[in-house]
Amino acid sequence: MLRFKNIRLAIKMILLVLVALGVLLLTTIVLLNRNTNRLTQEIGSEQASQEVTIIENRLEEVEKQLLVDIDFFASSVPFFQAVGRRNANDVSELVTRTNASLELDDIDVVDGDGNRLYDLHVEEDFGAENTLLAAGLANSKMTTLIIEKDGDTAEISITAVAPVVSVTGNVLGAVQISRKIDDAFLDNLIFNRSVVQLGLIYQDQIRARTLASRRNNPSSETILYKGIAYNLASVQQAENGQAIIEKDLIDNESNVPNAVAYIPVLVDGETSPAVIMLLLELQDIHSFQNSTLLNTVFVFATLTLIALSVIYLTLYQIIIRPIGNLTTIAQKLTSGQYQQRAPADSKDEVGQLARAFNEMAAAIEQRETSLQGAREQAENANRIKSQFLANMSHELRTPLNAILNFTAFVADGVMGPVNEAQSDALAQSITSSKHLLSLINDILDLTKIEAGLMDLFIQSVDMNEVMGSIVSVGKGLVKDKPIDLIHHIQEQLPVTYGDKRRLRQVFLNMVSNAVKFTPKGSVTIKANFDNGKFLITVQDTGVGIPKEDYDLVFESFKQAKHDLPETTGTGLGMPISRYFVESHNGKIWFESVVGQGTTFYVELPLLSVEEANQVAQLLVEKS
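Worth saying up front: this structure is predicted, and the values here are computed from it rather than measured.

**Q** Just give me the short version of the overall build of the protein chain, but keep the residues and values in it.
**A** In terms of helices and strands, the protein chain carries 15 helices and 20 strands. Each of the 623 residues in the protein chain was classed as buried or not, and the buried ones make up 38%. Once local pairs closer than 6 in sequence are excluded, the contacts in the protein chain between residues at least 24 apart make up 62%.

**Q** I'd love a proper account of the pattern of salt bridges, names of residues and values included.
**A** Summed over all chains, the structure comprises 16 salt bridges. Here glutamate 603 and lysine 533 are joined by a salt bridge, their closest N and O atoms 3.7 Å apart. Of this pair, glutamate 603 sits in strand E20 (residues 597-605) while lysine 533 is found in strand E18 (residues 533-540), placing the two residues 70 residues apart along the sequence. What makes lysine 533 partly exposed here is its relative accessible area of 41%. Residues joined in a network through salt bridges with shared partners are Asp108, Arg116, Asp119 and Glu129.

**Q** So what's going on with the nonpolar core? Which residues, and what values?
**A** Among the nonpolar cores identified, the biggest contains 51 residues, and Phe79, Val109, Ile158 and Ile276 are the most heavily contacted of them. In contact with isoleucine 276, other than residues within four places in its own chain, are Ile55, Leu59, Leu186, Leu189, Leu198, Gly199, Leu200, Ala261, Tyr262, Ile263 and Val265. Formed by 43 residues, the second largest nonpolar core is a distinct cluster that contains Val471, Leu493, Ala527 and Met574.

**Q** Which residues make up the side chain of histidine 584, and what values do they have?
**A** Position of histidine 584 relative to the elements: it lies in the loop between helix H14 (573-583) and strand E19 (587-593). For histidine 584, the side chain forms a polar contact with the main-chain nitrogen of aspartate 499, separated by 3.0 Å. Separated by 2.8 Å, the side chain of histidine 584 and the backbone oxygen of phenylalanine 580 make a polar contact. In this view, histidine 584 contacts Leu456, Tyr497, Gly498, Asp499, Leu503, Leu604, Pro605, Leu607 and Val615; residues no more than four positions away in its chain are not counted.

**Q** Pulling in residues and values, what's your account of the packing of helix H12 (residues 463-478) against helix H13 (residues 500-516)?
**A** H13 packs onto H12 with a crossing angle of 30 degrees between their chain directions and a minimal axis gap of 10 Å. In terms of axis orientation, H12 runs roughly parallel to H13. The element H12 and its partner H13 pack so that their crossing is right-handed. Here Met463, Glu465, Val466, Met467, Ser469, Ile470, Val473, Gly474, Leu477 and Val478 of H12 lie close against H13, whose contacting residues are Lys500, Arg504, Phe507, Leu508, Val511, Ser512 and Val515. Class assignment for the residues of the contact of H12 with H13 results in eleven nonpolar, three polar and three charged.

**Q** Provide a residue-level description of empty space enclosed by the protein, including the pertinent values.
**A** Within this structure, the stated rule accounts for two cavities of 30 Å³ or more. Of the volumes computed, that of the largest cavity is approximately 60 Å³. Along the walls of the largest cavity sit Met463, Thr496, Tyr497, Leu503, Phe534, His584, Leu604, Pro605 and Leu607, which together make up its complete lining. Among the elements of the structure, strand E16 (495-498) and E20 are those that each provide at least two residues to the lining of the largest cavity. As a volume, the second largest cavity reaches approximately 30 Å³. As for the second largest cavity, its lining consists of Leu59, Glu60, Glu63, Ile158, Val265, Leu266 and Val267.

**Q** Please give an account of the environment of isoleucine 285 that cites residues and values.
**A** Summarising the element assignment, isoleucine 285 is placed in helix H9 (residues 283-334). Judged by relative accessible area, which is 15%, isoleucine 285 ranks as buried. The residues contacting isoleucine 285, other than those within four sequence positions of it, are Thr40, Ile43 and Gln47.

**Q** I'd like a rundown of unusual backbone geometry, residues and numbers included.
**A** Phi at arginine 86 takes a positive value of approximately 60 degrees, unusual for a residue other than glycine. Tracing the chain through its elements places arginine 86 in the loop between helix H3 (77-85) and helix H4 (88-102). Even without glycine at this site, aspartate 204 takes up a positive phi of about 60 degrees. Looking at the secondary structure, you find aspartate 204 in the loop between strand E6 (196-202) and strand E7 (205-209).

**Q** Can you lay out the sheet that holds E19 for me, pointing to particular residues and giving the numbers?
**A** Sheet architecture is open: five strands sit in the order E15-E17-E18-E20-E19, paired in mixed fashion. At either end of the open sheet lies a strand with only one pairing partner, and these are strand E15 (483-489) and E19. Averaged over all pairs of adjacent strands, the angle between their axes in this sheet comes to 10 degrees, without regard to strand direction. Sheet topology places E18 next to E20; seven bridges connect them, and they run antiparallel. Residue pairing for E20: lysine 533 is matched across the bridge by proline 605. The strands that H12 touches are E15, strand E17 (521-530) and E18; relative to E15, the one it contacts most, it runs at about 175 degrees.

**Q** Can you lay out H12 for me, pointing to particular residues and giving the numbers?
**A** Look at H12: 22 Å from first C-alpha to last across 16 residues, which is about the 22 Å you get at 1.5 Å a residue. Those residues of H12 that sit buried are Met463, Val466, Met467, Ile470, Val471, Gly474 and Val478. Projection of H12 onto a plane perpendicular to its axis shows the buried side chains occupying an angular sector of 140 degrees, all on one side. Where H12 is buried, its residues meet strand E14 (459-462), E15, E16, H13, E17 and E18.

**Q** Residues and numbers for H14, please.
**A** Along H14, nine of the eleven residues are buried, which leaves the element largely enclosed by surrounding structure. Those residues of H14 lying buried are Gly573, Met574, Pro575, Ile576, Ser577, Tyr579, Phe580, Val581 and Ser583. Phi turns positive one or two residues past the end of H14, at asparagine 585, with a value near 60 degrees.

**Q** Lay out the pairing of E18 with the relevant residues and their values.
**A** When E17 meets E18, the two strands line up antiparallel, connected through eight bridges. The residue of E18 that forms the bridge with threonine 524 is glutamine 539. Counted between consecutive antiparallel strands, the loop separating E17 from E18 contains two residues, among which asparagine 531 sits at a positive phi close to 55 degrees.

**Q** Quick rundown of the packing of aromatic side chains? Include the residues and the values.
**A** For the structure shown, the criterion picks out seven aromatic pairs. Pairing phenylalanine 529 with phenylalanine 534 gives two aromatic rings, centres 4.8 Å apart and planes at 55 degrees, and the pair type is tilted. Given the relative accessible area of 1%, phenylalanine 534 is considered buried. Each ring, one from tyrosine 579 and one from phenylalanine 580, has its centre 5.7 Å from the other, and the planes form 65 degrees; the classification is edge-to-face. Each member of the pair tyrosine 579 and phenylalanine 580 is classed as buried. Across the ring face of tryptophan 589, the terminal group of lysine 587 is positioned such that the distance to the ring centre comes to 5.4 Å.

**Q** Explain the packing of H13 against H14 residue by residue, including any values.
**A** H14 packs onto H13 with a crossing angle of 145 degrees between their chain directions and a minimal axis gap of 9 Å. Crossing geometry of H13 relative to H14 is assigned as left-handed. Judged by residue contacts, Arg502, Gln505, Val506, Asn509 and Asn513 of H13 engage Gly573, Met574, Ile576, Ser577, Phe580 and Val581 from H14. The residue inventory of the contact of H13 with H14, partitioned by class, reads five nonpolar, five polar and one charged.

Analysis parameters
- Residues numbered from 1 in each chain as written.
- Predicted model: local features only at pLDDT ≥ 70, side-chain atom pairs only at ≥ 80, totals over all residues.
- Heavy atoms only, no water.
- Helix = DSSP H or I, 4+ residues; strand = E, 2+ residues; numbered from the N terminus.
- Buried < 20%, exposed > 50% of the residue type's maximum accessible area, 1.4 Å probe, protein only.
- Contact = heavy atoms within 4.5 Å.
- Salt bridge = Lys/Arg side-chain N within 4 Å of Asp/Glu carboxyl O.
- Core = buried A, V, L, I, M, F, W, Y, C linked by side-chain atoms within 4.5 Å.
- Polar contact = N/O pair within 3.5 Å; in protein donor to acceptor, adjacent residues only side chain to side chain.
- Axes fitted to C-alpha atoms, helices over the stretch in contact; angles between N-to-C directions.
- Parallel < 35°, antiparallel > 145°, perpendicular 65-115°, else oblique.
- Left-handed = near helix turned anticlockwise from the far one by under 90°.
- Nonpolar A, V, L, I, M, F, W, Y, C, P; charged D, E, K, R; others polar.
- 1 Å grid on protein atoms, 1.4 Å probe; cavity = no way out; pocket = protein on both sides within 12 Å on 5 of 7 lines; lining within 4 Å.
- Points joined across faces, edges and corners; volume = space filled by probe spheres on them.
- Pairing = 2+ DSSP bridges.
- Expected span 1.5 Å × (residues − 1).
- Arc of directions from axis to C-beta.
- Phe/Tyr/Trp six-rings, centres within 6.5 Å; stacked < 30°, edge-to-face > 60°.
- Lys NZ or Arg CZ within 6 Å of the ring centre and 35° of its normal.

Structural data, given as structure tokens:
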């Protein structure tokens, strides 16, 4: 889903259209395939019914033709005279000459006593033939189905029998003629058409089949053609005398649908032990179905390409290009070209969006103009304020230094002896003046920083010397308080380059704050060098800083909340310290827990004189 969100709008729309058209195509193919299958089923069933009627009519024609042929034999004067004389040679000659045109499969002739005068096809099983010939001698004329077995094989024939009667009406003998239901017989039934295959089923075995079927399955007793086997239940139904047409088509091994039917061989009764299985291969319909599907897919794909082209061009004109213009104009607005406007000619949703965008751009331009004016006024006011503070700080520092010096002279007795009370008052005055001078110096530093006038004086910095002086000052700060000053300064710290006075100011501010906000306990100063960096740590056990006041620590004129009324200040020490630390490519941060204390960290890189000068130059250029 995330990948789809990152795709361009035009591609998204094309993909959505493709999905919609794909679903439509798939639905069309499914419906078309279902309808063509239904049509194929209906056509196949209808054609199978027609083929069943043709086969049944052909079987009736064979039966009728047998009756015509047997009448031809029995009514021939030379024939019944030869039978009456019981002359086997004459009978044989007459039958042979007549069968040359009739091409019967079997002919049997007996005299009045049942003795055979002629047998065209001598067989071991005479039972069925003898029964029929006896019926003929009893003056019966009929057709029937006989089955003659020779081991595992069985020959099924349509047979006609008639008596041989003299002109006076005496029965001189009987004649029997047969048509075997073999491969050639089945081929004649379908007129050698390749789309129709027949198989004769008797006692659950295919006994005869059309020639094409025999070539495909020469020895199978259950499979008629191309993998299609007979349905035993349907065969058993057909044996009861009713032709059965399967409702469903069956695909052969070539995936071509076939209509299947079962036709009983009815001659002299309503049931039959022999059934003809019919397969009608619907190759033409199958080809038509496939070509229809292919043509549909081809036409649909062509129309899809045309539709995609038209849709893309339309979408490009009415949506994509206007949105692209809006994107370009929005980028220009971001870069400060607030006079840019989008064309809003249309009245549709895109036109409404463009007009709303233009209104927004006009509002942004107006607001930016107002902000620019306000910014210029604020910057001008800030410059005036900074200049005023700088001038005032300078004007205040000069007389304040004079006051400090003269007060120190008086306290030291230069102007004459002073008593103890006067000495205490002068000492308090000197302390207050120094505090006031420190505040003025902080304000002056802040005004220089805000005005971009703060410069760094680059020189070599002996960190051991600097940290030693910080420890000395710290001892002086804690001498009147119940605080232990602990220090761990790594020996032989490397010499770096930077503004020595400003770095000393940072560390001194850290120690001074630690002492100020620690009523009792300890202040620990650490300095180490590792991996090219100095790490200076000042840890106290004081009141700590609440989490909600963390953001105030490095903000000008702000202080964290605490319960020590004697620790007032301007809140400028840490903001100024952060500026000086960052000016040396370092960083400052802290960790604190209320009631347990605070730890400030300063990390400074080891700078060469060239690197320190580059830092100072960048600071000037930035200003």
